[in-house]
Structures are given as C-alpha cells and as structure tokens.
Amino acid sequence: MAQIIDGKSVALQIKLEVKEQVDRLRSEYKVIPGLAVVLVGDDVGSVTYVRNKQKACDDVGIHSRTFSFSSDVEQKELEILILELNHNAQYNGILVQMPLPKRIDSRSLLNMIDEHKDVDGLLPSNMGRLVIGEEALYPCTPLGIMMLLQRYSIPVSGAHVVIIGRSTLVGKPLALMMLAANATVTMCHTKTRDLPGIVKQADILVAAAGRLGLVKGEWIKQGAVVIDVGMNRSPGGKLAGDVEFEQAEKRASFITPVPGGVGPMTIAMLMRNTLIATERQIR
Ligand code: NAD
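Only a predicted model underlies this, so the values are computations on that prediction, with no experimental measurement involved.

Reading guide: rules and limits
Residues numbered from 1 in each chain as written. Predicted model: local features only at pLDDT ≥ 70, side-chain atom pairs only at ≥ 80, totals over all residues. Heavy atoms only, no water. Helix = DSSP H or I, 4+ residues; strand = E, 2+ residues; numbered from the N terminus. Contact = heavy atoms within 4.5 Å. Phe/Tyr/Trp six-rings, centres within 6.5 Å; stacked < 30°, edge-to-face > 60°. Buried < 20%, exposed > 50% of the residue type's maximum accessible area, 1.4 Å probe, protein only. Core = buried A, V, L, I, M, F, W, Y, C linked by side-chain atoms within 4.5 Å. Domains from an automatic or database assignment.

Draft legend 1. Representation of the side chain of threonine 141. Along the chain, threonine 141 turns up in helix H6 (residues 140-151). In this view, threonine 141 contacts Val170, Val229, Val262 and Thr266; residues no more than four positions away in its chain are not counted.

Structural data, given as structure tokens:
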C-alpha cells in the first residue's frame, strides 16, 4: 500500500518558512512583500482560487489586494492596471487569474507584467531562463511537485519520469525541472500512442491531463511514485484527480491524493515566489 504524500502538511510547513522570512524582511528592511491579483468576471473556480490565495497571503504576512473587474472589461483597462502595478513598489508580485474572457488577449496582457514581478513564472523571459537553467521566477505547480518529491526524499536523478500533459502551466516547465534534476523524461499528450505502455515504465508518474480517471490503476508499475495534478469533478460532484486512486494506491510506493496533494503546494509556492521576488527587488 502506498504512502500518502501529504501536500497539505508540506504546504503548511513551506508557508511557515515563508512567514519567518517575511517577518525578517519586515524587521530588517521595513519591507512588507505585496501581491496584486487581477480577477476578471465571477467564475466560481477563479473566485475560490483567488480567495484561497488571499487567505494564504494573510497567513504568511504578505500584503495582498485583489483588483476585480466585470467580465466586459476592456483590454486597455487591464493593460493600464498592469503598467501601474509594474511601477507600484507596494506590489512585488503580480498575478492575473486565468482563464480570462475569450475577448481578452491573455498572452499579450501577461507579457506586459514586469518579469521581476511575474510570480506565476509565465513570461517568455522567465520560461526561457528555466530552459537554460538560470535564476528566475518559475511556475508554481511544477515547483510544488519538485518540492514535494524533495521533502519526501524521493530521488529524481536517473528516474524515468513520465508526464501526461504538455501545458505551459504544468507539463512543459515540469519536464525542464525534472531534466535539470537529472531525470529521464517522457512527455505524453493527446496524440501519444500507447499511453498505458509508457505509463507502465514510469518510476515517477505525473498525471496533468485534467481527465477524470484517465490513468488506470493497473498501468502503475509496482513501487512507482504517482503525482496526480488533475482537478476534476466526479459525477457525484466530488473533486478527483486523473488517476484511479484506490487501484493505483495498491501498486504505488507513494501517491498524492486529490484534494490535499499538489493543490495546496501550488499556493504555498506562490507565497514563496512572492517572497523571492521581493528579496530580489530589494537586493
Ligand atoms: P491543459 O488543458 O492546458 O493541458 C492538458 C494537457 O493534457 C494537454 O497537453 C493534453 O495534450 C493532455 N491530455 C489531455 N487529455 C489527454 C489524454 N486523454 N491523454 C493524454 N494526454 C492528454 O491543462 P493544465 O492547465 O495543464 O491542467 C491539467 C490539470 O491539472 C487540470 O485538471 C487542472 O485543473 C489541473 N491543475 C491543477 C493545479 C493544482 O494546483 N493542483 C494547477 C494547475 C492545473
């Protein structure tokens, strides 16, 4: 039976570490890290995520403010806000909650964020630095996954890591981080042939497809580590991952639950990125 990777308690630990550093910045430099969140529309998921981020900021002592707009906001208005926030020293991090309404050109808006305040690590410059292994702000979810493996002393070097999903948010940056940690990486996506055959070879499987129950328990190699990033609604309305948890748990050595696995880590790493951004800005 697999050991459960408790993302909630690791995230709590990370937040305590961040809080310590936030307190230190306040007493030594009289600086309070600040995070600006831009929220457009009233999508229930987005509103909940933003509320959780705000709460995490409160927990660790980061000043945060949500700039809310109705879904018919003009692109120009959002652009003006981003430019203002870039120059506002109160905010060390800027986050635009995705998804934005289709009318809005999300990429061109994101690209206006000052790269030093890009706490989601989604700008081409920060992604590029990840490719060449330079210091930068890296995306929170993949960072959270690497941190979970580290805190559970799960070795990555030499491991065959199979990642399902090639998004800019999760799969691609994670592959780069895994390569930097000396893993052998296989990327899978919707056009991959024989997904079960590849998953069966994984020492570490990361499922980030957003497809309920895509990964069958019998695909998991005996003793493999299973990281489930997926956040799906089951027919009963419960939150569930991409992996058939009950069956996979019997074969895996370690497994993340959904909820309580990768999710809380993403927010903890956002807090950490905001701290890092602040430290670099006052350096
Ligand atoms: P996305 O839709 O942008 O990308 C999904 C990827 O999965 C694509 O590359 C696609 O090719 C691949 N894919 C989809 N169906 C597949 C299939 N049947 N077989 C093989 N590959 C398939 O999604 P995303 O933004 O990367 O998010 C993925 C999932 O992770 C979603 O459920 C999302 O809610 C969740 N997520 C969770 C967190 C967290 O903090 N826990 C953070 C980000 C995303």
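Draft legend 2. How the structure looks around the packing of aromatic side chains. In the structure shown here, the tally under the stated rule is 2 aromatic pairs. Relative to tyrosine 91, the ring of phenylalanine 67 has its centre 5.9 Å away and its plane inclined at 75°; by these criteria the two rings are edge-to-face. Of this pair, phenylalanine 67 sits in strand S3 (residues 63-69) while tyrosine 91 sits in the loop between helix H3 (75-87) and strand S4 (93-96); the two residues are 24 residues apart in sequence, bridging distant segments of the chain. When the centroid spacing of 6.2 Å and the interplanar angle of 75° are considered together, the rings of tyrosine 152 and phenylalanine 254 count as edge-to-face. With tyrosine 152 in the loop between H6 and strand S5 (160-164) and phenylalanine 254 in strand S11 (residues 254-255), the pair connects residues that are 102 residues apart, well separated along the chain. In this structure, tyrosine 152 and phenylalanine 254 share a single accessibility class: buried.

Draft legend 3. Spotlight on the nonpolar core. Grouped together as the largest cluster of nonpolar side chains are 57 residues, with contacts concentrated most on Leu35, Ile145, Met178, Val206, Ile227 and Met271. With 10 residues, the single largest contributor to this core is helix H10 (residues 262-282). Counting contributing residues per domain, this core is built from domain 1 (30-114) and domain 2 (140-263), each supplying no fewer than three. Ignoring anything within four residues of it in the chain, the contact list for isoleucine 227 reads Ile5, Ile145, Leu149, Leu205, Val206, Ala207, Thr256 and Val262.

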